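Residue-level structural notes
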Amino acid sequence: MPPKLRPGYPVPFSSPHGRKVGIAVDTHLAEEGRAQVVYVDAAFKARLAWLRWHETGWHWAEPELEGPSAEDHSELEPYIFTVKNGRYG
């Protein structure tokens, strides 16, 4: 069973690019094992990704996709600021 999540919570997850920490954005499906996060890619750009809960942790839901840019969405600015500054707690 996945842990409780709320928007703004840090979410460590496994991705095709290694371990990352994202900031939860969409958590309405978290109890079903799905959540959307804002994370920072290798070029330090904020992106959106869907995660799935698998046994003991969150994992990248769509391994072939890096996720769309989050930087063009003004409503995501607080999440982008948090993830880019590493202020998770």
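Higher on the page you've got the structure.
A brief look at the structure comes next. Quantities reported herein were computed from a predicted structural model and do not represent experimental measurements. (Residues numbered from 1 in each chain as written. Predicted model: local features only at pLDDT ≥ 70, side-chain atom pairs only at ≥ 80, totals over all residues. Heavy atoms only, no water.)

This brings us to the sheet that holds strand β2 (residues 18-26). Here we have 5 strands rolled up into a closed barrel, ordered β1-β2-β3-β4-β5, and mixed in their pairing. Strand-to-strand twist of the sheet, defined as the mean angle between neighbouring strand axes without regard to direction, takes the value 50°. One ladder, built from 7 bridges, connects strand β3 (residues 34-40) with strand β4 (residues 46-54); its direction is antiparallel. Following the sheet pairing, Arg-34 is matched in β4 by Arg-52. Its contacts with the sheet place helix α1 (residues 77-85) against β2, β3 and β4, and it is angled at close to 160° to β2. (Pairing = 2+ DSSP bridges. Helix = DSSP H or I, 4+ residues; strand = E, 2+ residues; numbered from the N terminus. Axes fitted to C-alpha atoms, helices over the stretch in contact; angles between N-to-C directions. Contact = heavy atoms within 4.5 Å.)

This paragraph deals with the pattern of salt bridges. In a structure, side chains of opposite charge can pair up when their charged atoms sit close to one another. As enumerated under the stated definition, the model contains 3 salt bridges in all. Among the ionic pairs, Asp-41 bridges to Arg-47, the shortest N-O distance being 2.8 Å. For Glu-71, the salt bridge is made with Lys-84, and the minimal N-O distance between the two is 2.9 Å. Residue Glu-71 is located in the loop between β5 (57-60) and α1, and its partner Lys-84 is located in helix α1; the two are separated by 13 residues in the primary sequence. Each of Asp-41, Arg-47 and Glu-66 takes part in salt bridges that share partners, so that together they form one network. (Salt bridge = Lys/Arg side-chain N within 4 Å of Asp/Glu carboxyl O.)

Don't take any of this as a statement about function, it's just geometry.
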